[in-house]
Amino acid sequence: PKDGVTSVAVSPDSRYIAAGSLDRVVRLWDLKTGKLIEKFDGHNDSVYSVSFSPDAKLLASGSLDKTLKLWDLTSAGQGNPTGTKCRHTFQGHKDFVLSVVFAPQGTWLISGSKDRSVQFWDPRRLVAGGTLAAEEGPVLILQGHQNSVISVAHSPAALLFATGSGDKRARIWRYQFEGS
């Protein structure tokens, strides 16, 4: 990277390492060889968070450009690292996206932002080969912090996640699916 690395993630299958950076690019390395295999260029500002889907077929990135992007990894490493494999751009935050995480079931992509919100996005329709309208926003918006939501972490087993904020608080959130 030309500038600092802001976020790193290891894929659940331990095949890849991804890094977001201040130069707006998401990079993907092969863990076994250490070689750079993809460069995903599409954000208009620094990338502050990256997260792999549970099946390691998608990579999410959150940026200071107020968007989340989903990158397709199904053909990662099969050519030169040129990278414009953006499956979808999620728009809905009113300020910087500082953290992204997939729920371990693959049901949700959760983001935290300087706008003090936590937003739930549904990536399942894209995984099934569908599309989302560009204007389609988050499925759910949670408010509860008095400052930026800087960090989001999901429990590996339970339907709960934690957030950390500039308001000097960490919060634990629980959720359930309709009908459960």
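Here the structure is a predicted model, which means the values were calculated and not measured. (Residues numbered from 1 in each chain as written. Predicted model: local features only at pLDDT ≥ 70, side-chain atom pairs only at ≥ 80, totals over all residues. Heavy atoms only, no water.)

(A) Structural context of the sheet that holds strand S5 (residues 47–52). With antiparallel pairing, four strands are arranged side by side in an open sheet as S5-S6-S7-S8. Where the open sheet ends on each side, the last strands, each with one partner, are S5 and strand S8 (86–91). Strand-to-strand, the axes of this sheet are offset by a mean angle of 20°, without reference to chain direction. Relative to S8, strand S7 (residues 67–72) runs antiparallel, the two sharing five bridges. Bridge pairing links Thr67 to Gln91 in S8. (Pairing = 2+ DSSP bridges. Helix = DSSP H or I, 4+ residues; strand = E, 2+ residues; numbered from the N terminus. Axes fitted to C-alpha atoms, helices over the stretch in contact; angles between N-to-C directions.)

(B) Spatial organisation of the pattern of salt bridges. Applying the stated criterion to the full structure yields three salt bridges. Notably, a salt bridge pairs Lys85 with Glu38, separated by 3.1 Å at the nearest N-O pair. With Lys85 in the loop between S7 and S8 and Glu38 in strand S4 (residues 36–41), the pair connects residues that are 47 residues apart, well separated along the chain. For Lys85, a relative accessible area of 25% gives the class partly exposed. Of the residues examined, Glu38 reaches a relative accessible area of 1% and is grouped as buried. With its nearest N and O atoms 2.8 Å apart, the salt bridge here joins Arg124 to Asp122. Judged by its relative accessible area of 35%, Arg124 is partly exposed. (Salt bridge = Lys/Arg side-chain N within 4 Å of Asp/Glu carboxyl O. Buried < 20%, exposed > 50% of the residue type's maximum accessible area, 1.4 Å probe, protein only.)

(C) Just the side chain of His43, in detail. Within the secondary structure, His43 sits in the loop between S4 and S5. Only 2.7 Å separates the side chain of His43 from the side chain of Ser61, close enough to count as a polar contact. In this structure the side chain of His43 is engaged in a polar contact, spanning 3.0 Å, whose partner is the side chain of Asp65. Contacts of His43, omitting those with residues within four sequence positions, involve Arg24, Ser61, Ser63, Asp65, Thr67, Leu68, Lys69 and Trp71. (Polar contact = N/O pair within 3.5 Å; in protein donor to acceptor, adjacent residues only side chain to side chain. Contact = heavy atoms within 4.5 Å.)

(D) Fine view of the layout of surface pockets. For the largest pocket, the calculated volume is near 210 Å³. Lining the largest pocket are 12 residues, and of these Trp108, Leu140, Tyr175, Gln176 and Phe177 sit closest to its centre. Of the residues belonging to the lining of the largest pocket, the class tally is nine nonpolar, one polar and two charged. (1 Å grid on protein atoms, 1.4 Å probe; cavity = no way out; pocket = protein on both sides within 12 Å on 5 of 7 lines; lining within 4 Å. Points joined across faces, edges and corners; volume = space filled by probe spheres on them. Nonpolar A, V, L, I, M, F, W, Y, C, P; charged D, E, K, R; others polar.)

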